[in-house]
2 protein chains.
Amino acid sequence: MANNFRFKPLLEKIKNEIKKHGYKITGPRLAIIEFLIHTEGHPDIDDLYSEVSKDYPGIGVATVYRTMDLLRQLNLINTLELPEGRQRYEIILPEDHHHHLVCMECKRIVEFGNCNFKHLVEDIESSTRFKIYSHSTVAYGLCPHCSASS
Amino acid sequence: MANNFRFKPLLEKIKNEIKKHGYKITGPRLAIIEFLIHTEGHPDIDDLYSEVSKDYPGIGVATVYRTMDLLRQLNLINTLELPEGRQRYEIILPEDHHHHLVCMECKRIVEFGNCNFKHLVEDIESSTRFKIYSHSTVAYGLCPHCSASS
DNA sequence: ATACCTGCAAAGTCTTTGCAACATG
DNA sequence: CATGTTGCAAAGACTTTGCAGGTAT
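Residues numbered from 1 in each chain as written. Chains lettered and ligands numbered in written order. Predicted model: local features only at pLDDT ≥ 70, side-chain atom pairs only at ≥ 80, totals over all residues. Heavy atoms only, no water.

## Comments concerning the overall build of chain A
- When helices and strands are counted, chain A shows six helices and five strands.
- Reading chain A from its N terminus to its C terminus gives the helix and strand order α-α-α-α-β-β-β-β-α-β-α.
- In terms of its C-alpha atoms, chain A occupies a principal-axis envelope of roughly 45 × 45 × 30 Å.
- Here chain A, with 150 residues, has 44% of them falling under the buried criterion.
- Look at the contacts in chain A between residues 6 or more apart in sequence, and 51% of them connect residues 24 or more apart.
- Summing over all exposed atoms, chain A offers an accessible surface of approximately 8,300 Å²; the carbon and sulfur share of this is 50%. (Helix = DSSP H or I, 4+ residues; strand = E, 2+ residues; numbered from the N terminus. Buried < 20%, exposed > 50% of the residue type's maximum accessible area, 1.4 Å probe, protein only. Contact = heavy atoms within 4.5 Å. Areas by Shrake-Rupley, 256 points an atom, 1.4 Å probe, with all protein chains shown as cover.)

This is the structure in structure tokens:
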């Protein structure tokens, strides 16, 4: 697996974070977290449920929802808001600020790292008097394949 | 109404767009569109349903959903994807490219106009080979009021 | 031993759909 | 008057919740 190198330290960090807050490391949680660390994709609840079921048969959907809530509360995952009407998730890697490009045709999701938003923060903070903590950008377009075939 | 000046030409443009595509101007549609043009907010389906019911009693929720689908297909409204799990809408004004700032505490939504994304488009297009057509940024923070009281 | 956690099924919420009556162009 | 549109209610999709039994620490 390409990203295996990131596996152990990240997994340990996540487990510690969970324990630190008084929650427990359980089979279903581990299976979900390991899947999230390994996958290159941006799974939704259904993807998680069906994929994790392979490692952990018998897991219930409710557990998947509850685990994702927990991970989000602990700031261990990001939630992607796309126009699909459901959420997709990705594990947060340290030092990996990126955004997403979505193909309007085939729905493929690609990450991109260039982000110059930080240059704007001061401007926006002074014009709106908000204190900004985070941001998320989604760009829409056509992927190479779909743009060739249209 | 502060934005009355924008009302007539925009309304005409929208009506024409609807007719041009073979759809009809009906009472419920007009009531929804007029509300969207007048409001300063970012209503969700429920807001629309209850507000528009005042002008047009008896309207059904299904009609609100269907009208918003139509307006989105014709590119007359923007959909805001926020972590609330439901969509919010805004009418598209010509020459008004902006993004949104959301207060994490009180959920207030504020628009900001600074956007330097266009400088990145070429970079992203060449590194990903996508053709980009639009983008949307949401920043999260604390509004002046909430940041004072915390 | 004591929280916490799980799967299940039921309940809840939000959105879509089928349909007969109606309205627009 | 042909075609699109509407409100309603039912169906569908997705998410949350209550609970009794199970499990991590």
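## Details of the pattern of salt bridges
Residues and elements named next belong to chain B.
- Taken as a whole, this structure holds 20 salt bridges over all chains when the rule is applied.
- Taking the shortest distance from any N to any O, the salt bridge between Glu-12 and Lys-15 comes out at 3.9 Å. Of this pair, Glu-12 and Lys-15 are both found in helix α1 (residues 7-20), three residues apart, which corresponds to roughly one turn of the helix.
- For Glu-12, a relative accessible area of 33% gives the class partly exposed.
- Classification of Lys-15 by relative accessible area gives buried; the value is 19%.
- Of the charged contacts, one joins Glu-51 and Lys-54 as a salt bridge, the two residues approaching to 3.1 Å between their closest N and O atoms. Of this pair, Glu-51 and Lys-54 both sit in helix α3 (residues 45-55), three residues apart, roughly one helical turn.
- For Glu-51, a relative accessible area of 30% translates into the label partly exposed.
- Judged by its relative accessible area of 60%, Lys-54 falls in the exposed class. (Salt bridge = Lys/Arg side-chain N within 4 Å of Asp/Glu carboxyl O.)

## A look at the relation of the copies chain A and chain B
- With an RMSD of 0.1 Å, the fit of chain A onto chain B corresponds to turning through 180° and sliding 0.1 Å along the axis. Both copies of the chain, as the preceding transformation shows, are related through a two-fold rotation axis. The C-alpha atom lying nearest the rotation axis in chain A is that of Thr-137 of chain A; the distance is 2.1 Å.
- Take the interface residues of chain A: 97% of them recur as interface residues in chain B, which is what a same-surface contact looks like. (Least-squares fit on C-alpha atoms with pLDDT ≥ 70 in both.)

## Quick notes on the environment of Val-110 of chain A
- Turning to its location among the elements, Val-110 of chain A is positioned in strand β4 (residues 109-112).
- Given a relative accessible area of 22%, Val-110 of chain A falls into the partly exposed group.
- Separated by ten residues in sequence, Val-110 of chain A and His-100 of chain A place their C-alpha atoms 5.7 Å apart.
- Setting aside anything within four residues of it in sequence, one finds Val-110 of chain A in contact with His-99, His-100 and Leu-101 of chain A together with Thr-128 and Phe-130 of chain B.

## Digging into the pairing of strand β3 (residues 99-103) of chain B
All names here are of chain B.
- Counting buried positions along β3 yields five of five residues, so the element is predominantly enclosed.
- Burial along β3 is two-sided: the residues His-99, Leu-101 and Cys-103 and His-100 and Val-102 are all buried.
- Direction of pairing for β3 relative to strand β4 (residues 109-112): antiparallel, over a ladder of four bridges. Directly across from His-99, in β4, lies its bridge partner Phe-112.
- Turn length for the β3-β4 hairpin, with the two strands adjacent in sequence and antiparallel, is five residues, and the turn residue Lys-107 shows positive phi of about 70°.
- Judged from the four bridges that link them, β3 and strand β5 (residues 131-142) form a sheet pairing that is parallel. Within β5, the residue paired with His-100 across the bridge is Val-138. (Pairing = 2+ DSSP bridges.)

## Some thoughts on the protein's contact with DNA strand D
- The local shell around DNA strand D holds 18 residues, among which Tyr-65 of chain A together with Lys-24, Thr-26, Arg-29 and Thr-63 of chain B are the closest.
- Residue Lys-24 of chain A places a side-chain N or O atom 3.2 Å away from a base nitrogen belonging to DNA strand D.
- At 2.3 Å from a phosphate oxygen of DNA strand D is found a side-chain nitrogen or oxygen belonging to Arg-29 of chain B.
- Elements with a contribution of two residues or more to the surface near DNA strand D: α4 (61-73) of chain A together with α2 (27-38) and α4 (61-73) of chain B.
- By residue class, the composition of the surface near DNA strand D is eight nonpolar, five polar and five charged. (Near = heavy atom within 4 Å. Polar contact = N/O pair within 3.5 Å; in protein donor to acceptor, adjacent residues only side chain to side chain. Nonpolar A, V, L, I, M, F, W, Y, C, P; charged D, E, K, R; others polar.)

## Some remarks on the side chain of Glu-81 of chain A
- Relative to the helices and strands, Glu-81 of chain A is located in strand β1 (residues 77-81).
- With no salt bridge to any partner, buried Glu-81 of chain A finds its closest opposite charge in Arg-72 of chain A, at an N-O distance of 5.9 Å.
- Within the local environment of Glu-81 of chain A, its side chain forms a polar contact with the side chain of Gln-87 of chain A, the two groups lying 3.3 Å apart.
- The contact partners of Glu-81 of chain A, leaving out residues within four places of it in the chain, are Gln-87 and Val-138 of chain A together with Glu-81, Leu-82 and Pro-83 of chain B. (Lys, Arg positive; Asp, Glu negative; His and termini not counted.)

## Concerning the packing of aromatic side chains
- Scanning all chains against the criterion turns up two aromatic pairs over all chains.
- With a centroid separation of 6.4 Å and 65° between ring planes, the pair formed by Phe-112 of chain A and Phe-117 of chain B is classed as edge-to-face. In this pair, Phe-112 of chain A is assigned in strand β4 and Phe-117 of chain B in the loop between β4 and α5 (118-128), connecting two distinct chains.
- Among the residues examined, Phe-112 of chain A registers a relative accessible area of 3% and is labelled buried.
- Residue classification places Phe-117 of chain B among the buried residues on the basis of a relative accessible area of 7%.
- Lys-131 of chain A extends its terminal NZ or CZ atom over the ring of Tyr-133 of chain A, reaching a point 5.5 Å from the ring centre. (Phe/Tyr/Trp six-rings, centres within 6.5 Å; stacked < 30°, edge-to-face > 60°. Lys NZ or Arg CZ within 6 Å of the ring centre and 35° of its normal.)

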